[in-house]
Amino acid sequence: MAMPLCGRVSLVTGTSRGIGAETATKLALLGLGLVVNYRSKSARAGQICQQIESLGRKAIAIKADLTIDSELDAMMST
């Protein structure tokens, strides 16, 4: 059975902990690739990416403080 979201990408903010981490994992299970946004916990964001990739999905971790316009713009450009 084909997954309806397979091949799409989702951006989840605050992904290195709590609700963000759970949301990213659930979206990966639905077939989405993920942009894992974090502000300060790079090691944890890397672990989330590995977890997503172990589910057969692509993931990239991007550090950005979303209260700073230039960091938000840089993340969206990436």
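See above for the structure.
Residues numbered from 1 in each chain as written. Predicted model: local features only at pLDDT ≥ 70, side-chain atom pairs only at ≥ 80, totals over all residues. Heavy atoms only, no water.

J.: It is not clear to me how the overall build of the protein should be interpreted in this structure. Could you clarify?
T.: Across its full length, the protein holds 3 helices and 3 strands. Element order for the protein, N to C, with α for helix and β for strand: β-α-β-α-β-α. In summary, the protein has a C-alpha radius of gyration of 12 Å against a globular reference of 12 Å for 78 residues, a match within 12%. Along the longest, intermediate and shortest principal axes, the C-alpha atoms of the protein span 40 × 25 × 15 Å. Contacts in the protein between residues at least 24 apart in sequence constitute 55% of all its contacts with a sequence separation of at least 6. (Helix = DSSP H or I, 4+ residues; strand = E, 2+ residues; numbered from the N terminus. Rg over C-alpha atoms; globule rule 2.2 N^0.38 Å. Contact = heavy atoms within 4.5 Å.)

J.: Is there a simple way to think about the layout of surface pockets in this case?
T.: Summary: where empty space remains is shown by rolling a probe the size of a single water molecule over the atoms. Its volume calculated, the largest pocket comes out at about 210 Å³. If you trace the largest pocket, you find 13 residues lining it, with Gly14, Arg17, Tyr38, Arg39 and Ser40 closest to the centre. Its residues assigned to classes, the lining of the largest pocket shows 3 nonpolar, 6 polar and 4 charged. (1 Å grid on protein atoms, 1.4 Å probe; cavity = no way out; pocket = protein on both sides within 12 Å on 5 of 7 lines; lining within 4 Å. Points joined across faces, edges and corners; volume = space filled by probe spheres on them. Nonpolar A, V, L, I, M, F, W, Y, C, P; charged D, E, K, R; others polar.)

J.: Honestly, the nonpolar core in this entry has me stumped. Any pointers?
T.: Taken as a class, soluble globular proteins show a tendency for nonpolar side chains to be buried jointly. Of all hydrophobic cores here, the largest spans 14 residues; its most connected members are Ala24, Leu34, Val36, Ile48 and Ile52. Among the secondary structure elements, those contributing two or more residues to this core are helix H1 (18-29), strand S2 (33-38) and helix H2 (42-54). Setting aside its immediate chain neighbours within four residues, isoleucine 48 contacts Thr15, Ala21, Ala24 and Val36. (Core = buried A, V, L, I, M, F, W, Y, C linked by side-chain atoms within 4.5 Å. Buried < 20%, exposed > 50% of the residue type's maximum accessible area, 1.4 Å probe, protein only.)

J.: What's the story with the sheet that holds S2 in this structure? I'm lost.
T.: Pairing between sheet strands relies on hydrogen bonds along the backbone, with the strands arranged either parallel or antiparallel. The sheet built from 3 strands is open, its strands ordered S1-S2-S3 with parallel pairing. The sheet is open, and its two borders are formed by strand S1 (9-12) and strand S3 (59-63), each paired with just one other strand. Averaged over all neighbouring strand pairs, the angle between strand axes comes to 20 degrees, with direction disregarded. Bridge count between S2 and S3: 5 bridges; the pairing is parallel. Within the sheet, the bridge partner assigned to tyrosine 38 lies in S3 and is lysine 63. Strands in contact with H1 are S1 and S2; relative to S1, the strand with the most contacts, it is inclined by about 175 degrees. (Pairing = 2+ DSSP bridges. Axes fitted to C-alpha atoms, helices over the stretch in contact; angles between N-to-C directions.)

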